[in-house]
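Residues per chain are reported as follows:
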Amino acid sequence: MIEQYYNILTQGKNLLAFSHGSDSSALFFILLEKNIEFDLIFINYKTRLSSDIEEQSAKELAKKYNKKIFIKIAPKIEKNFEANARQVRYDFFNEICKKYHYDNLILAHNLNDKFEWFLMQVSKGAGFMELLGFKDIEQRENFTIIRPLLNTSKNEIINFLKQENIKYFNDESNQNEKYFRNHIRINYTNEFLLEFENGVKNTFKYLEKDLMFFENKFDVFCGIYICFKHESVIAKCFKRLGILLSFKQRQEALKHDGVISHKIAIVYIQNKALIFPFTICEKIPKEFKENYRKAKIPKLLRAYLYQNHIDCNELMQALLK
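Here's what I pulled together on the structure shown here. Just so it is clear, the structure is predicted and the values come from calculations on it, not from any experiment.

Moving on, we come to the overall build of the chain. Within the chain, the secondary structure is distributed over 13 helices and 11 strands. The dimensions of the chain, computed from C-alpha atoms along their principal axes, are 70 × 40 × 40 Å. The buried share of the chain, reckoned over its 321 residues, is 47%. Pairs at least 24 apart in sequence give 64% of the contacts found in the chain among residues at least 6 apart. Of the roughly 18200 Å² of accessible surface on the chain, a fraction of 50% belongs to carbon and sulfur atoms. Here the chain contributes 49 positive and 40 negative side-chain charges, whose respective centroids are spaced 6 Å apart.

Now the structure itself:
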């Protein structure tokens, strides 16, 4: 389960995202077994009667095994719970990793989560880049995400917990099918993997090899992602900048220059797409405006170039690569 990540985890400072559910509880004891040092981070959303019991049990586990534990009581989330809870979670992860200099954030996503994501994207209509939403190693600004169980099925995890007699909590909200993710998991993911686990594992291996081809199909110059006008590669660049494009947004991004979600802009120069954080600059000096006009720099890109002190000629050279 963890051998291929051993060198990374033994050479850095590690933080385990711990919910006390089956996956993170299994990962806790696997890390102990492998003598990998780590601390815990726990978010209490106060959405269930057992939330405080789980928090207390996590504290006791941390104390028993001499682990630090960082706990956040999440603010009440009135709507769009899954998306907003995820934002709360990752904001806290980022805060703690940055403040206490953790190199690696260990997450307990498993094969079922990976396949669940795959089916969710298929149901909406997705390109190749969006189908593989989870990576076992993913670099973020302030830490590296490691998912050691990503190719381990839920069934394997439950068998490990039973074999080792490890305590964990079941989140009853996972049975609520008003959440689309739960609907996919309950009706499709789990049952399919019980019968075709090896086939799914092999399929992901092939897809991930193919993905490596596409991942090398863009360049980054001064924070600007540069690629050819290819839908999947453009979507990958947006994802690198923090936005997962919907089907409608993908179509819009292919048509013309624009801004997606008020955050990320895309413009076209010659036969290349340039994708970058959307920037507003109230006043660009006249001489710069004239230079941008002569160089035929799209208007959406000019503020970004000016604020980041990027020379037009150097940009044009980057486009020739």
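Still more ground to cover, so stick around.
In this model helix H5 (residues 111–124) runs 20 Å from its N-terminal to its C-terminal C-alpha over 14 residues, within 8% of the 20 Å that 1.5 Å per residue would give. Across the 14 residues that make up H5, a large majority, 10, are buried. The complete set of buried residues in H5 reads Leu111, Asn112, Asp113, Lys114, Phe115, Glu116, Trp117, Phe118, Met120 and Gln121. Among the residues of H5, the N-terminal cap falls to Asn110, whose side-chain oxygen and the backbone nitrogen of Asn112 are separated by 2.8 Å. Of the residues one or two after H5, Gly125 is the one with positive phi, at around 100°.

For the rest of this paragraph, the subject is the packing of aromatic side chains. What describes a pair of aromatic rings is the distance from one ring centre to the other and the angle between the planes of the rings. Counting across every chain of the model gives 18 aromatic pairs. Taken together through their ring pairs, the aromatic side chains of Phe18, Phe28, Phe29, Phe38 and Tyr65 make up a single cluster. Directly above the ring of Phe38 sits Lys67, whose terminal nitrogen or CZ lies 4.2 Å from the centroid. Against the face of Phe228 rests Lys272, its NZ or CZ located 4.9 Å from the ring centre.

The next subject is the pairing of strand E1 (residues 14–17). Residues Asn14 and Leu16 line one face of E1 and the alternating positions Leu15 and Ala17 line the opposite face, and both faces are buried. With 3 bridges joining them, E1 and strand E4 (residues 104–106) adopt parallel strand pairing. Its bridge partner lying in E4, Leu15 is registered against Leu105. Handedness of the crossover is the feature at issue here: the chain leaves E1, passes through helix H2 (residues 22–33), returns alongside strand E2 (residues 39–44), and the resulting connection is right-handed.

The full count for this structure, using the stated rule, is 15 salt bridges. Two residues, Arg181 and Glu82, come together in a salt bridge whose shortest N-O distance is 3.8 Å. Taken together, the residues span a long stretch of sequence, with Arg181 in helix H8 (residues 180–215) and Glu82 in helix H4 (residues 81–100) at a distance of 99 residues. Overall, Glu82 belongs to the partly exposed group, its relative accessible area being 35%. Where Arg147 meets Glu138, a salt bridge forms, and the shortest distance between an N and an O atom there is 3.1 Å. We classify Arg147 as buried; its relative accessible area is 3%. Because the salt bridges share partners, they merge into one network encompassing Glu82, Glu116, Arg181 and Arg185.

So, about the sheet that holds strand E3 (residues 69–73). Adjacent strands of a sheet form backbone hydrogen bonds with each other and so pair up, either parallel or antiparallel. Strands sit in the order E3-E2-E1-E4-E6-E5 across an open sheet of 6 strands; the sheet is mixed. In this open sheet, the two strands that pair with only one neighbour each are E3 and strand E5 (137–139). Taking each pair of neighbouring strands and ignoring which way they run, the sheet shows an average axis angle of 25°. Sheet strands touched by H2: E1, E2 and E4. Its angle to E1, the strand with the most contacts, is close to 150°.

A separate point is the state of the cysteines. Per the stated rule, a full pass over the model turns up 0 disulfides. No disulfide involves Cys222; its nearest neighbouring cysteine sulfur is the one of Cys312, lying 12 Å away. No disulfide involves Cys281; its sulfur sits 14 Å from the nearest other cysteine sulfur, which is in Cys312. We classify Cys281 as partly exposed; its relative accessible area is 21%.

Tracing the backbone shows Gln4 in the segment before helix H1 (6–10). For Gln4, a relative accessible area of 60% puts it in the exposed group. Expressed as a C-alpha distance, the spacing of Gln4 and Arg185, which sit 181 residues apart in the sequence, is 28 Å.

Here is what the cut-offs are and how they apply
Residues numbered from 1 in each chain as written. Predicted model: local features only at pLDDT ≥ 70, side-chain atom pairs only at ≥ 80, totals over all residues. Heavy atoms only, no water. Helix = DSSP H or I, 4+ residues; strand = E, 2+ residues; numbered from the N terminus. Buried < 20%, exposed > 50% of the residue type's maximum accessible area, 1.4 Å probe, protein only. Contact = heavy atoms within 4.5 Å. Areas by Shrake-Rupley, 256 points an atom, 1.4 Å probe, with all protein chains shown as cover. Lys, Arg positive; Asp, Glu negative; His and termini not counted. Charge placed at Lys NZ, Arg CZ, Asp CG, Glu CD. Expected span 1.5 Å × (residues − 1). Polar contact = N/O pair within 3.5 Å; in protein donor to acceptor, adjacent residues only side chain to side chain. Phe/Tyr/Trp six-rings, centres within 6.5 Å; stacked < 30°, edge-to-face > 60°. Lys NZ or Arg CZ within 6 Å of the ring centre and 35° of its normal. Pairing = 2+ DSSP bridges. Right-handed = clockwise from strand over helix to strand, strands pointing away. Salt bridge = Lys/Arg side-chain N within 4 Å of Asp/Glu carboxyl O. Axes fitted to C-alpha atoms, helices over the stretch in contact; angles between N-to-C directions. Disulfide = S-S within 2.5 Å.

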